[in-house]
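Given next are the chains, with one letter for each unit.
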Amino acid sequence: MQYRRISADCHLDMIWLPPDLFTSEAPRALKEKMPFVADQPDGTKRWVTNDGVDFGMAGGVGAVGSAYVPGKQLRVDKMHEAGLYDDFTKKGHRRPGDPHLRVKELDRDGVDAEVIYGILAACGKMEDREAANEMLRIYNNFMNNFCSYYPDREIGLACLPYSDIDAAAAEVHRVAKLGMKGVELSCSWHMTPMWHPMWDPLWEAINEVQLPLHFHTFPATDPKLRASLTGNTLRAMTYSGLCRFQMTLATILTDLMGAAVFERFPNIRMVLGESGIGWIPYVLDRMDFEFQGSDYPHPDGVWPESKKYIDEQFSHLPADVTYKMTCENAGKFYGLIN
């Protein structure tokens, strides 16, 4: 396949998954602890657990599955105009969660291939470690099958547990045998810093299988604290979080560099998704790759107008530089381009 444009930051959030995915695949002992879709009195459907965890509205907006409010956000209005939400509510079509419908979304956006981040933020709400690990195992199997239909266009990342290092290392080896092309590790508000040696078994596993390791931006405030805030306090938190959420990945980068992870495990290749680069000017001269991504189907992305935004934002750059950022770098990194 000839690649012209590759989106290195897209998503398949839990709100777009098959409603019985986890309950149908979990072993009997864990079925009652798995997330599922429940009908609500207002006619909507929400992802929940029997323990009271709420993951958001099925087919909703963004990763959190909020309700669509016309005029609130331009990019959300664009996705609504493209029928993304109505196709779910009126026809039951999970366009981001159906591989055959999803490639049509790529075609519509002028994108040849994409890298798909997963459900780690949702899984972080699970307090039962065993259930959380099983949830990720099921998702990874689903994603592996999801990408099998269009393997030259879909690169799904396997999600790793962050609260169970041994389980994470074992999952690295398992998904590598399945043929998955990358792994994603969550960032949490309560996790042990990654300069700690407890993480070494995981780095060793990733180093051995040589799958790219991915981190994605994450909210700067604990969701439990966020849920307790109202009024001006909530506005202040939101402002602060929006200003610094990309900089939270500086913690990950400096932790790994401080622990000499890249020197001790030289086969590890790392991606910081949706991170920006303005906060790391002192290491820019050591960065080999920069990727562009549409962020589909998140509301702060540019789908279905990737070409328009690329043409506008990169118009001042030479064509070969634009091609590297919007296609070649990601294509070579994930083995799509030799």
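Right, let's walk through the structure included here.

Rules used in this analysis
Just so you know, the residues in each chain are numbered from 1, in the order the chain's sequence is written. Only residues with pLDDT of at least 70 get local features here, since the model is predicted, and only at 80 or more are side-chain atom pairs given and counted; chain-wide, interface and lining totals rely on the full set of residues. The side-chain values count all of the structure's non-hydrogen atoms but skip hydrogen atoms and water molecules. To get an axis, a line is fitted to the C-alpha atoms, and for a helix only the part in contact is used. The angle between two axes follows their N-to-C directions and goes from 0 to 180 degrees. Elements are defined by DSSP. Helices are runs of H or I of four residues or more, strands are runs of E of two residues or more, and each kind is numbered from the N terminus. Small angles under 35 degrees read as roughly parallel and large ones over 145 as roughly antiparallel, with 65 to 115 read as roughly perpendicular and the rest as oblique. Contact criterion: two residues are considered in contact whenever any of their non-hydrogen atoms come within 4.5 Å of each other. Think of it as three bins: nonpolar holds Ala, Val, Leu, Ile, Met, Phe, Trp, Tyr, Cys and Pro, charged holds Asp, Glu, Lys and Arg, and polar takes everything else, Gly as well. The criterion for strand pairing is that DSSP finds at least two bridges linking the strands in question. Side-chain rings of Phe, Tyr and Trp (the six-membered ring for Trp) are treated as a pair once their centres are within 6.5 Å; stacked means planes under 30 degrees apart, edge-to-face means over 60, and tilted covers the remaining angles. A simple rule labels every residue: compare its accessible area, found with a 1.4 Å probe on the protein chains alone, to the largest value its type can have, and call it buried under 20%, exposed over 50%, or partly exposed in between. Counting as a charge over the ring demands two things of the Lys NZ or Arg CZ atom: a distance within 6 Å of the ring centre and an angle within 35 degrees of the ring normal. Here, nonpolar core means buried Ala, Val, Leu, Ile, Met, Phe, Trp, Tyr and Cys residues that are tied together by side-chain atoms lying within 4.5 Å of each other. Pairs of N or O atoms within 3.5 Å make up the polar contacts considered here, provided that, within protein, one atom can donate a hydrogen while the other can accept it, and that residues adjacent in sequence are counted only when both atoms are side-chain atoms. Taking the helix axis as origin, the arc is that swept by the directions to the C-beta atoms.

Once that is clear, we can look at the packing of helix α7 (residues 165–178) against helix α8 (residues 200–209). For the pair α7 and α8, the least separation of the axes is 8 Å and the interaxial angle reads 10°. As summarised for this structure, α7 and α8 are arranged roughly parallel, according to the angle between their axes. Where α7 abuts α8, its residues I165, A168, A169, V172, H173 and A176 lie against P201, L202, A205, I206, E208 and V209. Taken together, the residues of the contact of α7 with α8 sort by class into 10 nonpolar, one polar and one charged.

Taken in spatial order, the three strands make up an open sheet running β1-β5-β6, and their pairing is parallel. Strands at the two margins of the open sheet, each flanked by one partner only, are β1 (6–11) and β6 (154–156). Averaged over all pairs of adjacent strands, the angle between their axes in this sheet comes to 25°, without regard to strand direction. Sheet analysis places β1 next to strand β5 (residues 113–117), joined by four bridges and oriented parallel. By the bridge assignment for β5, C10 is matched with I116. Packed on one face of the sheet, helix α6 (residues 129–148) meets β5 and β6 and runs near 170° to β6.

Here the focus is the sheet that holds strand β10 (residues 270–273). Sheet architecture is open: four strands sit in the order β7-β8-β9-β10, paired in parallel fashion. The strands lining the two open edges of the sheet, one partner per strand, are β7 (158–160) and β10. Within this sheet the neighbouring strands show an average axis-to-axis angle of 30°, counted without direction. In terms of strand pairing, strand β8 (residues 183–185) meets strand β9 (residues 213–216) through two bridges, oriented parallel. Bridging across to β9, V183 finds its partner in L213. Against the sheet, α7 makes contact with β7 and β8, and its axis sits at roughly 165° relative to β7, the strand it touches most. With respect to the sheet, helix α11 (residues 249–258) is in contact with β9 and β10, its orientation differing from that of β10 by roughly 165°.

With that settled, consider the packing of aromatic side chains. In total, this model carries seven aromatic pairs according to the counting rule given. On the basis of an interplanar angle of 80° and a centroid distance of 5.8 Å, the ring pair of W16 and F88 is categorised as edge-to-face. Taken together, the residues W16 in the loop between β1 and α1 (21–25) and F88 in helix α3 (residues 84–91) connect sequence positions 72 residues apart. Of the two residues examined, W16 and F88, each falls in the buried class. An angle of 75° between the planes, with centres 5.0 Å apart, marks the rings of F333 and Y334 as edge-to-face. For the pair shown, F333 and Y334 are each scored as buried. A cation over a ring is seen here: R269 above F333, with NZ or CZ 4.7 Å from the ring centre. One cation-aromatic arrangement involves K308 over Y309; the distance from NZ or CZ to the ring centre is 4.7 Å.

Further remarks concern the nonpolar core. Counting residues in each nonpolar core, the largest one holds 72 residues, and the members touching the most others are L17, F22, L202 and W203. In terms of residue count, the dominant contributor to this core is α6 (10 residues). Each residue touching L17, except ones within four places of it in the same chain, is listed here: L12, F22, W47, R94, I119, Y139 and F142. Core analysis: the next-biggest nonpolar cluster, separate from the first, contains 15 residues, A113, V271, F333 and Y334 among them.

For R102, the location among the structural elements is in helix α4 (residues 99–109). Separated by 150 residues in sequence, R102 and I252 place their C-alpha atoms 31 Å apart. Those residues within four positions of R102 in sequence are excluded, and the remaining contacts are C10, H11, L12, R95, P96, E114, I116, F146, E154 and Y296. Among the polar contacts listed, one links the side chain of R102 to the backbone oxygen of H11, at a separation of 2.9 Å.

Think of an α-helix as 3.6 residues a turn; residues three or four steps apart then line up on the same face. Listed in full, the buried residues belonging to α3 are L84, Y85, D87 and F88. Around the axis of α3, the buried residues are gathered within 165° of arc, so they sit on the same side. In α3, the exposed positions that point more than 90 degrees away from the buried face belong to T89, K90 and K91. The inward-facing, buried residues of α3 abut α2 (74–81) and α4. Of the residues one or two after α3, G92 is the one with positive phi, at around 75°.

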